[in-house]
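Spelled out from the first residue to the last, the chains are:
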Amino acid sequence: MTEVKNEKMNRVTVHLDEKPIYDIVMTEDFSALPGEIEKLSISNRRLCIVTDSNVEKLYLNEVKELLAPCCKTVISFVFPAGEEHKNLDTVRDLYETLILNHFDRNDMLAALGGGVVGDLCGFAAATYLRGVAFMQIPTTLLSQVDSSIGGKTGVDFDAYKNMVGAFHMPKLVFTNINTLQTLPDNQFSAGMGEVIKHGLIKDAAYYEWLLENAADIWARKPEALRKTVTWSNEIKRAVVEKDPTEKGDRMLLNFGHTLGHAIEKLKNFELLHGECVALGALAAMKLSENRGMIKPEETNRFKEALGEFHIGTQVSGLEKDAIVAASKNDKKMDSGIIKFILIHSIGDAYVDHPSFGVPLLGRWLVGHGYRVGIVAQPRWKDEGQGI
């Protein structure tokens, strides 16, 4: 990874079959967005900006005014903020809005918000009229470093995480890095759970840099944020280019997700996605340690790093049998076998296929030192701030 240049705009191009398919553009405001949109040739198309009730207050009017001259018509669809609204009912309401406004296959959607908005908007775009174009305008750390890149879209079904979804690549990812300044602390912490994951699975130097610069990152110093987002973008881009539909290397990005998704469901989305991924990652580190691949000091250092970013390392009120039952419905199941992502060493992850089925998962977790039923750190209130 080369040093990130301190420029107003940074551009990373994602390729598929060695052909460029979209750019990830990072800048310090929304002023360059019209110029990027014009490259997509949508002057005679309708555009629907999809956002949630938090982001609406902060950025919808500004983005809508900027894009209005670039399109035939610009409308918006706003749904209540929160993971509990990332479901087929909300998608149905979005479909109805598109139909009533006569959107056809040549029109486009834009996801303005965090991971929930991007996942839902992308899924609607993938399925409306068998597929229309969409773009991502991520406003949270988690969405800027991870979920907006790679074309994974989906919604939850009866609290089962991302059980209904599709691969649908965006036409553009436009990141205004300064939206992170309005992000509530708990949302920023959740995003750091995904950021640290990138270093653990793919880049030891990045992991070390994150730990060494934790204070500047937590203080949201612009250059530290710029380097963090750009470095994570490069890692995610490389993985997606190599394995766009998660048949091999892209599975490594699921580090911490097997148990994380189970915890997220069982806590009824009381914890944020990134918080749950961090808990799952801590368990995966412990399992890797007990396999003799990493040292206890490395697991402890990771736990301390989570503390540096105010990420909880314990969770209460869960039983191992419930975790087992929830894990049975994980998308990464393969013929009754849970696929765990573990690490050989910092920066070198692999897909592990334990030689047992789901019924023995709970016993394996307890036997390898992972404990449930302990107290979580308190979370901040959103206080109505935009995410």
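Residues numbered from 1 in each chain as written. Predicted model: local features only at pLDDT ≥ 70, side-chain atom pairs only at ≥ 80, totals over all residues. Heavy atoms only, no water.

## What to know about the packing of helix α7 (residues 204–212) against helix α12 (residues 296–308)
Two quantities define a packed helix pair, namely the angle between the axes and the distance from one axis to the other. One can describe the packing of α7 onto α12 by two numbers: an axis separation of 10 Å at closest approach and a directional angle of 50°. In terms of orientation, α7 lies oblique with respect to α12. In this structure, the crossing between α7 and α12 has a hand that is left-handed. Here Y207, E208 and L211 of α7 come into contact with α12, specifically with R301, F302 and A305. Partitioning the contact of α7 with α12 into residue classes produces four nonpolar, no polar and two charged. (Axes fitted to C-alpha atoms, helices over the stretch in contact; angles between N-to-C directions. Helix = DSSP H or I, 4+ residues; strand = E, 2+ residues; numbered from the N terminus. Parallel < 35°, antiparallel > 145°, perpendicular 65-115°, else oblique. Left-handed = near helix turned anticlockwise from the far one by under 90°. Contact = heavy atoms within 4.5 Å. Nonpolar A, V, L, I, M, F, W, Y, C, P; charged D, E, K, R; others polar.)

## Thoughts on the pattern of salt bridges
In the structure shown here, the tally under the stated rule is 23 salt bridges. Residues joined in a network through salt bridges with shared partners are E83, K86, D119, D156, K161 and E264. (Salt bridge = Lys/Arg side-chain N within 4 Å of Asp/Glu carboxyl O.)

## Some points on the packing of aromatic side chains
Note on aromatic pairs: each is described by the distance of the centres and the angle between the planes. Overall, the coordinates contain seven aromatic pairs when judged by the stated rule. An angle of 70° between the planes, with centres 5.6 Å apart, marks the rings of F30 and Y59 as edge-to-face. One end of the pair, F30, is in the loop between β2 (19–27) and α1 (33–38); the other, Y59, is in helix α2 (residues 53–67), with 29 residues separating them in the sequence. For the pair F30 and Y59, one class covers both residues: buried. When the centroid spacing of 6.5 Å and the interplanar angle of 20° are considered together, the rings of Y206 and W209 count as stacked. Of this pair, Y206 and W209 both sit in helix α7, three residues apart, which is roughly one turn of that helix. You can call W209 buried: its relative accessible area is 13%. Members of the aromatic cluster, each reached through a chain of ring pairs, are Y206, W209 and W231. (Phe/Tyr/Trp six-rings, centres within 6.5 Å; stacked < 30°, edge-to-face > 60°. Buried < 20%, exposed > 50% of the residue type's maximum accessible area, 1.4 Å probe, protein only.)

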